[in-house]
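Analysis of the macromolecular model
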Amino acid sequence: MTAGSIPESVLPAILPPLALSFDLDDTLWPIWPTIERAERLLHGWLQTHAPATAARFDAAGLRLLRNDIARRFPEWGHDLSRMRRESLREGLTIAGDDPALAEPAFDVFFDARQQVELYADARDGLERLARRFPLVAVTNGNSDLARVGLDGLFRHSVSASKFGIGKPDARIFHAACRHLDLRPHEVLHIGDDLALDVAGALDAGLEAVWMRRHEGAGDEVAPVLSRPYHTVANLTELADALGC
Ligand SMILES: [Mg+2]
């Protein structure tokens, strides 16, 4: 484990924590290949059930619709499912199809969105870590750990869509700590996003590890961080560093 932003020699001892909190998307699996596949399957479903909508919006067009909803309704930013569902309702309406088809269309997208391909180190790393630490998930996304097949390894999952507030807000990190019956400084959060995960967790009083899977990942984002953090490239490295 290497130190981020502050030389290792001045890092306080942050280990061992009493529990681990995990981001999901891009920490345990790459999210964009999954979303792109889900959008292709969604478009295929629309070709059969709402052909006018499928003709008007290709898979990339469906993404633009969803992004437009996100821009116009920032208050839904914590609820990706709602934004996707509303974008489908709008697309169906614009094309003259039945807007009620937004529900079954969303189900097709949502099913496909759960079919993630874990990073090669993820399952083994989580199993090693879960033998020693309670694990909790803290996600701004809408993945379902049971459908991903990881629910047996996690004690709890806190999602922005259900909780109503997303990272980097301290309240979602504190909700995860309450589930664990621990204080923030006793929990170590691991995530790929420097602003949402690392800065968010540190500001909420947790310790933090930046999951930097790719050289250059996150280099463009340099939030001001209140305290030092560590960096790992994968879950094997994290499990080794924590002595699991
Ligand atoms: Mg992430």
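By the naming in an unreviewed UniProt entry, the protein chain goes by HAD family hydrolase and is assigned to Piscinibacter gummiphilus. Per UniProt, the protein chain has the following entry under Cofactor (unreviewed entry): "Mg(2+)".

1. What to know about the coordination of the magnesium ion
Only Asp23 (OD), Asp25 (O) and Asp192 (OD) from the protein coordinate the magnesium ion, and they sit 2.1 to 2.2 Å from it. For the magnesium ion, the donor residues sit on a single chain with the sequence spacing D-x1-D-x166-D. Placement of aspartate 25 in the loop between strand E2 (19-22) and helix H1 (32-49) and of aspartate 192 in the loop between strand E5 (187-191) and helix H10 (194-203) is noted, with a sequence separation of 167 residues between them. Taking the relative accessible area as the measure of exposure, aspartate 25 reaches 13% and is therefore buried.

2. Side note on the side chain of glutamine 114
Relative to the elements of secondary structure, glutamine 114 occurs in the loop between helix H5 (102-113) and helix H6 (122-132). Judged by relative accessible area, glutamine 114 falls into the buried class, the value being 3%. Residue contacts for glutamine 114: discarding those within four places in its chain leaves Asn142, Ser143, Asp144, Arg147 and Val148.

3. As for the domain arrangement of the protein chain
The domain architecture assigned to the protein chain consists of domain 1 (2-29 + 120-241) and domain 2 (32-113). Between domain 1 and domain 2, the C-alpha centre-to-centre distance is 30 Å. The interface of domain 1 with domain 2 comprises 13 residues on the first partner and eight residues on the second. In total, about 860 Å² of surface goes out of reach between domain 1 and domain 2, with carbon and sulfur atoms giving 41% of it.

4. So, the packing of aromatic side chains
Taken as a whole, this structure holds five aromatic pairs when the rule is applied. Ring geometry for phenylalanine 22 against phenylalanine 154: centres 6.3 Å apart, planes inclined by 85°, an arrangement best described as edge-to-face. On the criterion of sequence distance, the pair formed by phenylalanine 22 in strand E2 and phenylalanine 154 in the loop between helix H7 (145-148) and strand E4 (156-159) is long-range, its members being 132 residues apart. Each member of the pair, phenylalanine 22 as well as phenylalanine 154, is classed as buried. Between the aromatic rings of phenylalanine 106 and phenylalanine 109, the centroid separation amounts to 6.4 Å while the plane-to-plane angle is 35°, which identifies the pairing as tilted. One end of the pair, phenylalanine 106, and the other, phenylalanine 109, are both in helix H5, three residues apart, so they sit about a helical turn from each other. Assigned by exposure class, phenylalanine 106 and phenylalanine 109 land together as buried. Here the aromatic cluster, defined as three or more aromatic residues joined through ring pairs, consists of Phe106, Phe109 and Phe110. When the ring centre of phenylalanine 106 is taken as reference, the NZ or CZ atom of arginine 85 above it lies at 4.3 Å. One Lys or Arg, arginine 213, reaches over the ring of tyrosine 119 and ends 3.8 Å from the middle of that ring.

Cut-offs used in this document
Residues numbered from 1 in each chain as written. Predicted model: local features only at pLDDT ≥ 70, side-chain atom pairs only at ≥ 80, totals over all residues. Heavy atoms only, no water. UniProt positions renumbered as here; feature names shortened; annotations may be inferred. Donors = N, O, S within 2.8 Å, 3.2 Å for Na, K, Ca; no water. Helix = DSSP H or I, 4+ residues; strand = E, 2+ residues; numbered from the N terminus. Buried < 20%, exposed > 50% of the residue type's maximum accessible area, 1.4 Å probe, protein only. Contact = heavy atoms within 4.5 Å. Domains from an automatic or database assignment. Buried area = accessible area lost by both parts, 1.4 Å probe. Phe/Tyr/Trp six-rings, centres within 6.5 Å; stacked < 30°, edge-to-face > 60°. Lys NZ or Arg CZ within 6 Å of the ring centre and 35° of its normal.

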